[in-house]
Amino acid sequence: MSDLTQTDTPPRSFVDRALDPKALATLALIGLLLLLPLGAGGYLVYSLSLCFANAIGVLSVSVLVRYGGEVSIGHSFFVALGAYAVAILEKQAGVGLMVSLPVAALAGLVGGIVFAYPSRRLSGIYLAVSTMALALALPEILIHSEKFTGGFEGLYVALDPLPGLPKASQRYYLAFGLLVLICLALVRLRRSPQGLALLMARAHPRAAEAFGITRGWARISVFALSAMLASISGAVVAVASSAVSPNSFTLWSAIFLLVGSVVSLNGLTLVPALVGGAFLTLVPNYLAGAGDWVPVIYGAVLLGVTLAVNSASDIRRILSRGGRS
Amino acid sequence: MTAIETRAVAQRLRAENLRLSFGAIQVLKDVSVDLEPGRVTGLIGPNGAGKTSLFNCLTGLYRPQFGGIVFGGVPLQDLPPHRRAALGISRSFQHMALCPDLTVIENVMVGLTLERRSGWANAFLPLPSGTREDAATRRKALAALESLGIAAVAETLPAELPPGTLRLVEIARAMAGNPKALLLDEPAAGLNAVETRDLMRALQRLIRPDLVVVVVEHDMDLIMQLCDRIYVLNFGQIIAHGTPAEVRADPDVVRIYLGGDDD
């Protein structure tokens, strides 16, 4: 049904897992992406670094959808929290990503908890609209606290995260490495007690409560986790694009994160994350020639994916009903 | 509040003088029940008699306006469901409450959540303590499935299984954490005769001298064969209680079940 349903859960040997065709394809893709900067042009490497950073952002929304059953149209807020944490720490303290990334992640985690606690009883459209408030307020906050954020102009991010390597490839490998690590961590989460508890709380809150899992815990945990991932994505976006400014973190960027998550079918593994990241980054870049048609093409793709996925699950349901009765 | 005996009465689940109303409608009128360990107690009654309301008061979904609930000397009436779970009170649900994304064994592992100690670091990193705990939890969940005879479906998704098996999975989940009280909400609802018979056999194997078992059920055959004691509710009051033979001979019960217009 989805990649949350792992029927092959009993621990299998490493050899068995490595011979699985899906795992082999993913490994091949990882190998290809690792070798790519050696041959590709600078623009592609730059675009892919941003794509990896956005893929983490897409994962952050997908975590909220999959484990919380909720939708956010304000995740640009948490992305900006991470991006500005990196830029401000570089400007004020002169420290690079190795120091500012943990700070950014922590900022997202705390931001997520601070937002989730008062909104823990909201759900569905009401929660979505309250997240929208975050996204709407953010650019104004950034512009008005000019002293720290650089106002309209924003801030530059120039320090090398991994000194010694060429600038373009170190951004690329950093973003890719973090994306792969986050995907691995999410695979573990799915099997962990916390992952099981969150999925149960999402499917049957009352049943979950009968086994000691409260709704408040589930909501705050999933939001904190999602916001932390969004902030990590923001930190990587800041480094990959060398600058942060308020117009990269508008309501539209939040909506595109959600769209990326929908297009990736809310998948929590590497390939869906890359599809979502590409939809946010590469598609608009390569469609730039289409000019005014870009939003139309975007809309058409989005409608196509949504309708195809929904009709696919309908067809599956009809088939399985027919097979059983 | 009534004078509830709070001195420790080992593992006994008692409700005294429960009153519950929704607006002007009184659904429970001074209901008292005494649920003993080592015995299966049935709650029966026509639709709307207050069985489910009483059940929900015991599990913590409803708060009675008056009266008390005591389990092993601990007053429960003000505790939310997750705190009652921590005291060893476990339940199954009338409508299947399994997570469709989780396999059968993972659903049962959720029943062991309160026992688990590994923190968030274990959720993301392959730390040895978390891996050990995972293996132990999986073993316990498998043992619970084995005790109900359904270990073969451990790695299956709920959508692929018939309702009778799913009901047993729910009971395995409720039993996995070794509860002191097991409350079953209409376990035979939606099951056919064969599935109901299998369910009864499985339930009979679960009875332990230290376990309180409460069954709310419509299926009279199941109740009469499974239960040691039965409480009969009608219009929010207990109208009869005793052994199956006593209850079957009670003229009020006969009137409700044979002469009445319900069930």
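Computed from a predicted structure; not experimentally measured.

Chemist: Whenever I open this one, the overall build of chain A confuses me. Can you help?
Modeler: The number of helices and strands found in chain A is 15 helices and 2 strands. For 325 residues, the compact-globule estimate of 2.2 N^0.38 gives 20 Å, and the C-alpha radius of gyration of chain A, at 20 Å, lies within 12% of that figure. Seen through its principal axes, chain A has C-alpha atoms that stretch 65 × 50 × 45 Å. Expressed as a percentage of its 325 residues, the buried residues of chain A come to 48%. Seen as two clouds, the 21 positive and the 13 negative side-chain charges of chain A have centres 11 Å apart.

Chemist: For this particular structure, what's the right way to read empty space enclosed by the protein?
Modeler: Take a probe with the size of a water molecule and roll it over the atoms, and the empty space left behind shows itself. This structure, assessed with the given rule, holds 4 cavities of 30 Å³ or more. For the largest cavity, the full set of lining residues is Arg206 and Ala210 of chain A together with Thr59, Leu61, Pro81, Arg84, Ala85, Ile89, Ser90, Arg91 and Phe93 of chain B. Elements represented by at least two residues in the lining of the largest cavity include exactly helix 10 (205–210) of chain A together with helix 2 (81–86) and strand 6 (89–91) of chain B. Within the lining of the largest cavity, the residues separate by chemical class into 6 nonpolar, 2 polar and 3 charged.

Chemist: When you look at the sheet that holds strand 4 (residues 66–71) of chain B in this model, what are you seeing that I'm missing?
Modeler: Strands pair in a sheet through their backbones, by hydrogen bonds, and they do so in one of two ways: parallel or antiparallel. All names here are of chain B. Spatially, 4 strands are ordered 2-1-4-5 in an open sheet, and the strand pairing comes out antiparallel. Either end of the sheet is taken by a strand with one partner, and the two such strands are strand 2 (25–35) and strand 5 (74–75). Judged from the 2 bridges that link them, strand 4 and strand 5 form a sheet pairing that is antiparallel. Paired with Val70 across the two strands is Pro75, which belongs to strand 5. Helix 1 (residues 51–59) rests against strand 1 (13–22), strand 2 and strand 4 of the sheet, and its axis sits at about 60° to strand 2.

Chemist: Could you clarify how one ought to interpret the packing of helix 3 (residues 42–68) of chain A against helix 11 (residues 215–241) of chain A in this entry?
Modeler: Relative placement of two packed helices is described by the angle separating their axes and the distance separating the axes. Residues and elements named next belong to chain A. As a packed pair, helix 3 and helix 11 sit with axes 9 Å apart at the nearest point and diverge in direction by 170°. In terms of orientation, helix 3 lies roughly antiparallel with respect to helix 11. For the contact of helix 3 with helix 11, a count of residues per class yields 16 nonpolar, 8 polar and no charged.

Chemist: Sorry, what's going on with a nonpolar patch on the surface here?
Modeler: Residues and elements named next belong to chain A. A cluster of nonpolar side chains, contributed by Leu122, Ile125, Tyr126 and Val129, occupies part of the molecular surface with about 410 Å² of accessible area. By the element assignment, Ile125 lies in helix 6 (residues 124–144). Assessed through its relative accessible area of 59%, Ile125 is described here as exposed.

Rules and cut-offs
- Residues numbered from 1 in each chain as written.
- Chains lettered and ligands numbered in written order.
- Predicted model: local features only at pLDDT ≥ 70, side-chain atom pairs only at ≥ 80, totals over all residues.
- Heavy atoms only, no water.
- Helix = DSSP H or I, 4+ residues; strand = E, 2+ residues; numbered from the N terminus.
- Rg over C-alpha atoms; globule rule 2.2 N^0.38 Å.
- Buried < 20%, exposed > 50% of the residue type's maximum accessible area, 1.4 Å probe, protein only.
- Lys, Arg positive; Asp, Glu negative; His and termini not counted.
- Charge placed at Lys NZ, Arg CZ, Asp CG, Glu CD.
- 1 Å grid on protein atoms, 1.4 Å probe; cavity = no way out; pocket = protein on both sides within 12 Å on 5 of 7 lines; lining within 4 Å.
- Points joined across faces, edges and corners; volume = space filled by probe spheres on them.
- Nonpolar A, V, L, I, M, F, W, Y, C, P; charged D, E, K, R; others polar.
- Pairing = 2+ DSSP bridges.
- Contact = heavy atoms within 4.5 Å.
- Axes fitted to C-alpha atoms, helices over the stretch in contact; angles between N-to-C directions.
- Parallel < 35°, antiparallel > 145°, perpendicular 65-115°, else oblique.
- Patch = residues over 30% accessible without salt bridge, like charges linked within 9 Å, V, L, I, M, F, W, Y side chains within 5 Å.
- Areas by Shrake-Rupley, 256 points an atom, 1.4 Å probe, with all protein chains shown as cover.
- Salt bridge = Lys/Arg side-chain N within 4 Å of Asp/Glu carboxyl O.

No statement about biological role is implied by the geometric values presented.
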